[in-house]
Amino acid sequence: MNDRAVPVATPRDLLLTCKRCQHEFRAPAAVLNQNVECPHCHKIFAAVPVGSGPSDPLVGKELAGCRLVRRLGSGGLGVVYEAEQLAVGRSVAIKMLSNKAAAIPTVVQRFQREAQLCAALNHPHVVGVYDCGQDRGVHYLLMEFVRGETLAARIQRFGRLPWAEAVGFVMQIAKALSHAHSRDIIHRDIKPANILIDSDGTAKLADLGLAKQLTEEPEAAGGLTMQGAALGSPAYMPPEQIRDARSVTKAADVYALGVTLYHALAG
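Every value quoted in this text rests on a predicted model; they were computed, and no experiment measured them.

Some thoughts on the packing of helix α4 (residues 163-182) against helix α6 (residues 251-266)
Two elements in contact, α4 and α6, have axes whose closest approach is 10 Å; the angle formed by their N-to-C orientations is 165°. Relative to α6, the element α4 is oriented roughly antiparallel. The way α4 lies across α6 gives a crossing that is right-handed. Only Asp253, Leu257, Leu261, Ala264 and Leu265 of α6 make contact with α4, whose side of the interface consists of Trp163, Ala166, Val167, Val170, Ile173, Ala174, Leu177 and His181. Residue classes in the contact of α4 with α6 are distributed as 11 nonpolar, 1 polar and 1 charged.

Printed below as a string of structure tokens:
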């Protein structure tokens, strides 16, 4: 799940599976049996929930000092659960690499770099990372659990957002990006699905799986981004990122945030 946001959940929501890309994500219960848009591949499909909870064999199990509560979503590289961190009794989100993904060294490197870059960003509008490591062979990333929804889900529910609300969310993320850019970190995947809105209206930037440290030597990143490769979400990427994601500057994030604002305003 190196290019997806951390999914979030509300007390009454649905776990949906996109019929095209097979990604799982949470959506408000109000959209049951209505058409929804996959936040990952943008396919429109009917919101029919998939099984979770007691039918999931991992629910109730312990990993990295956490008891898994429910599955929040999954992608091609792994799965994310809501969990209880037993030592302190708090809710967390735990992202785990699948066995298949863990067998690919570059994927593991990117997963570890995501944790390192997140740890370097201590900001109220960036999803916090508490820990990362391996437990019984499973690579995991322990993160702040945001109880709310993604900006993508909010746009899906309401269509065009009021301008003051949309600008308010984007301004919060702009502060997060300013913080990241001051540390020479480029996100490279700004989009509504990677912006989480908690229950009190606080916007938080998520998913640094494609982030880049400008000050690194090319070999320090382990060759994770090949020259001439396009990484990110095409609908929000600037032209230079489509040509070569490795050479983009901080301006790419600003462009993508502007497209995100347009999406929120235009629906």
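Notes on the packing of aromatic side chains
Summed over the entire model, instances satisfying the criterion amount to 0 aromatic pairs. Its end group placed over the ring of Tyr130, Arg90 keeps NZ or CZ at 3.7 Å from the ring centre.

Observations concerning the pairing of strand β6 (residues 66-74)
When you tally the buried positions in β6, you get 7 out of 9 residues, the bulk of the element. Where strand β5 (residues 62-63) hands over to β6, the hairpin turn is made up of 2 residues, of which Ala64 adopts a positive phi near 55°. As defined by bridge partners, β6 adjoins strand β7 (residues 78-85) across 7 bridges and the pair is classed as antiparallel. Across the sheet, Arg71 pairs through a bridge with Tyr81, a residue of β7.

Looking at the nonpolar core
One broad trend across soluble globular proteins is that nonpolar side chains are buried collectively. Formed by 44 residues in total, the largest nonpolar core has its most connected members in Leu97, Leu161, Ile185 and Leu208. Sorting the residues of this core by element identifies β8 (90-97), α2 (105-119), β10 (138-144), α3 (151-158), α4, β13 (195-198), β14 (203-205) and α6 as the ones contributing at least two each. The element best represented in this core is α4, accounting for 7 residues. Filtering out sequence-adjacent residues up to four positions away, Leu208 remains in contact with Glu114, Leu117, Cys118, Leu121, Ile185 and His187. If you look at the next biggest cluster of nonpolar residues, it comprises 11 residues, including Ala83, Val92, Ile94 and Tyr140.

Some words on the environment of Gly60
Along the chain, Gly60 turns up in the loop between β4 (44-46) and β5. A sequence separation of 10 residues divides Gly60 from Arg70, and the C-alpha atoms of the two residues are 8.3 Å apart.

Examining the environment of Asp184
With respect to the helices and strands, the residue Asp184 is situated in the loop between α4 and β12 (185-186). Separated by 30 residues in the primary sequence, Asp184 and Leu214 have C-alpha atoms spaced 5.3 Å apart. Sequence-distant contacts of Asp184, that is, excluding residues within four places in its chain, are made with Lys212, Gln213, Leu214, Thr215 and Lys250. Looking at Asp184, its side chain comes within polar contact range of the side chain of Lys250, at 3.4 Å.

Cut-offs applied
Residues numbered from 1 in each chain as written. Predicted model: local features only at pLDDT ≥ 70, side-chain atom pairs only at ≥ 80, totals over all residues. Heavy atoms only, no water. Axes fitted to C-alpha atoms, helices over the stretch in contact; angles between N-to-C directions. Helix = DSSP H or I, 4+ residues; strand = E, 2+ residues; numbered from the N terminus. Parallel < 35°, antiparallel > 145°, perpendicular 65-115°, else oblique. Left-handed = near helix turned anticlockwise from the far one by under 90°. Contact = heavy atoms within 4.5 Å. Nonpolar A, V, L, I, M, F, W, Y, C, P; charged D, E, K, R; others polar. Phe/Tyr/Trp six-rings, centres within 6.5 Å; stacked < 30°, edge-to-face > 60°. Lys NZ or Arg CZ within 6 Å of the ring centre and 35° of its normal. Buried < 20%, exposed > 50% of the residue type's maximum accessible area, 1.4 Å probe, protein only. Pairing = 2+ DSSP bridges. Core = buried A, V, L, I, M, F, W, Y, C linked by side-chain atoms within 4.5 Å. Polar contact = N/O pair within 3.5 Å; in protein donor to acceptor, adjacent residues only side chain to side chain.

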